[in-house]
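Each chain is listed here by its residues.
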Amino acid sequence: MPYYQNYNPLGNVFLSTVFAALPIVVLLYLLAIHPWTDKYGHKHRGIFAPYAAISAAVVGILVSVLMMRMPVPTAISAFVMGAFNGLLPIGWIVFSAIFLYTMTLVTGKFEIVKNTVAGITPDRRLQALLVAFSFGAFMEGAAGFGTPVAVAGAMMVGLGFRPLQAAVICLIANTAPVAWGAIGTPIIMLGKVSGIPEHLITMMAGRQLPFFSIIVPFWLVATLVFMDKGKWKDIWEVWPATLVCGASFALTQLLMSQAGNVMLVDIMSGIVSMIITALFLKVWQPKHIVFSEDEFTNPEAAAASAVAVKKMQGPKYTTGEIIQAWLPWVLLAAAVFLWGMDFWKSFLNSISAPKLAMPFLHGVVFRTPPVVHGTKPELEGAIYVFNWLSAAGTGIMIAALISGFFVLRLTPAQWSEAFRRTVTRMKVPITVITTVVGLGFTTRYAGTDAILGLAFTRTGAAYPFFASMLGWLGVFLTGSDTSSNAMFGSLQRITAEQLGLNPVLIVTANSTGGVMGKMIDAQSIVVSTVACYENHEEGMQAVGPIFRNVVWHSLALAILLSTLVWLQAYVFTGMQVPFTP
């Protein structure tokens, strides 16, 4: 029985929109607001993340069935397909990355990594730039789908950052690079669904995001300093390095994008930023080295940290020891780069990529105008591809196994310890990830996501501003810039043409606005807790505090990006990329 999406099921646009938003409201309330008291009498906000995710998923299915009139088997099948995608590729990426990280911990090699990073700069503000922003951008460009937050978050905790702090910083850092993540997948998808050539979209994105590639490093440092209870002077103390880090990234991003390159923008930008910043720090260091978070408020801590700096820089390692410690991370970076290349993906998929047409879902759901072009409904396919070989997580796991056998040379006891700790750490977060992604797929196939999106299209001349906010909402809903572009790319072009706006500008805004929503989607936040919290229960309890910490950053950056898009539409029109259908 076919299911045609109805974008005003209650006959009242306002009521339909309110009920479509209900699962999101429930998730946000339970994660960040709901009060509760623990057994010790301490008051908290935000319940245990698995309960919040499951509750929101139940509400999402009920809304789909009762309001949208979606058949029950179809709604359940949509949720199951999302859960499968939560396991592969997302959960598999995080599991593999944390397994490799844990192996370096149990062998003691991460201490060498930590000390060599401190050798570049012992200052925690600059370490955050190198690891969270530059290295994280490289990982985003190579793999995406949670990899940069998982890897950079684990490294930052190993460097001595508090788990909450590391999670917040990595989430903020993972913004400007996201549009070109996973070898340009979001923009490639946007080009397919909108019918606009991908090189034009990447050029337009390159006239928006480089501004934020300069802003975000300063934003990141400021967030870190204020979380440490520092002052403005502590932010400006490192402005030369912050500017070098952001400007080198932004310039590379601009040049690569204007050349029409889609796949290598982030990878090259991240590499250039890491190299230029590291070289700059060889000749420049701030007068006041901040090693400990206590230094801003405790003079005694500053004196103690000076001794700690010398200790961290003191150990002298042989070249062989440094190579052995860093080689697992080099292998990880090489693996995600290789697994991101189209030719390698195609080869691995040709070997093994079984497909499952989801029962009661595939061939059943139709999207209808105005979400699709023309006047005829379009079939929404539902085939789950079990591409376990070509999944980035498999590349990371292979890098981990090679590292364990041939580089780190783990003993049987160390293998057992690394695996046990990883499984213990991942079992609850995997539940949350699969549930949240399942909810995202339910809203997508039911059409409630489109109801929310259509609410933005009724803003008339203000639409260029809200076009990017629609992308922001899409990423928040789905956890993926790629998925947001798949949902709203066609709608963005249709609305732009109806309003007489440049479709390239408006369609691109969906992706560039979406990157600012990456830090607040539940999937990314859960990945950050997995990476940063050794105790999974403590990590799940931290979901609410992390969300409350990043939501205002996300909203502020989204508003700035939306304002830029509006100015490009009406004031700085020369910044637009011309388009002739």
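A brief structural summary.

Calculation notes
- Residues numbered from 1 in each chain as written.
- Predicted model: local features only at pLDDT ≥ 70, side-chain atom pairs only at ≥ 80, totals over all residues.
- Heavy atoms only, no water.
- Helix = DSSP H or I, 4+ residues; strand = E, 2+ residues; numbered from the N terminus.
- Rg over C-alpha atoms; globule rule 2.2 N^0.38 Å.
- Contact = heavy atoms within 4.5 Å.
- Areas by Shrake-Rupley, 256 points an atom, 1.4 Å probe, with all protein chains shown as cover.
- Lys, Arg positive; Asp, Glu negative; His and termini not counted.
- Charge placed at Lys NZ, Arg CZ, Asp CG, Glu CD.
- Axes fitted to C-alpha atoms, helices over the stretch in contact; angles between N-to-C directions.
- Parallel < 35°, antiparallel > 145°, perpendicular 65-115°, else oblique.
- Left-handed = near helix turned anticlockwise from the far one by under 90°.
- Nonpolar A, V, L, I, M, F, W, Y, C, P; charged D, E, K, R; others polar.
- Salt bridge = Lys/Arg side-chain N within 4 Å of Asp/Glu carboxyl O.
- Buried < 20%, exposed > 50% of the residue type's maximum accessible area, 1.4 Å probe, protein only.

## A short note on the overall build of the protein chain
A count of helical and extended segments in the protein chain gives 26 helices and seven strands. Taken over the C-alpha trace, the protein chain has a radius of gyration of 23 Å; the compact-globule value for 581 residues is 25 Å, and the two agree within 12%. Across its three principal directions, the C-alpha atoms of the protein chain cover 70 × 55 × 55 Å. Look at the contacts in the protein chain between residues 6 or more apart in sequence, and 80% of them connect residues 24 or more apart. Carbon together with sulfur atoms contributes 69% to the accessible area of the protein chain, which is approximately 21900 Å² in total. Counting 33 positive and 25 negative side-chain charges, the protein chain places the centres of these two groups 1 Å from one another.

## Focus on the packing of helix α16 (residues 319–339) against helix α18 (residues 392–407)
Between α16 and α18, the least distance of the axes is 8 Å, while the angle of their chain directions is 155°. Relative to α18, the element α16 is oriented roughly antiparallel. Considering the relative orientation of α16 and α18, their crossing is right-handed. Contact residues: α16 offers Q324, L327, P328, L331, L332, A335, V336 and W339, while α18 offers A392, T394, G395, I396, I398, A399, I402, S403 and V407. Classifying every residue of the contact of α16 with α18 by side-chain character gives 13 nonpolar, four polar and no charged.

## What to know about the pattern of salt bridges
Summed over the entire model, instances satisfying the criterion amount to 10 salt bridges. Close ionic contact of E237 with R125 constitutes a salt bridge, the shortest N to O distance being 2.9 Å. Remark: R125 occurs in helix α6 (residues 124–142) and E237 occurs in the loop between α12 (232–236) and α13 (239–258); sequence separation between them is 112 residues. When its relative accessible area of 24% is taken as the criterion, E237 is described as partly exposed. A relative accessible area of 1% places R125 in the buried class. Here R493 ties to E497 by a salt bridge, and the two come within 2.8 Å at their closest N and O atoms. Taken as a pair, R493 and E497 lie in helix α22 (residues 481–499) at a separation of four residues, close to a single helical turn. Classification of R493 as buried rests on a relative accessible area of 12%. On the basis of relative accessibility, which here comes to 41%, the residue E497 falls in the partly exposed class. Put simply, E417, R420, R421 and E534 are held in one network by salt bridges that share partners.

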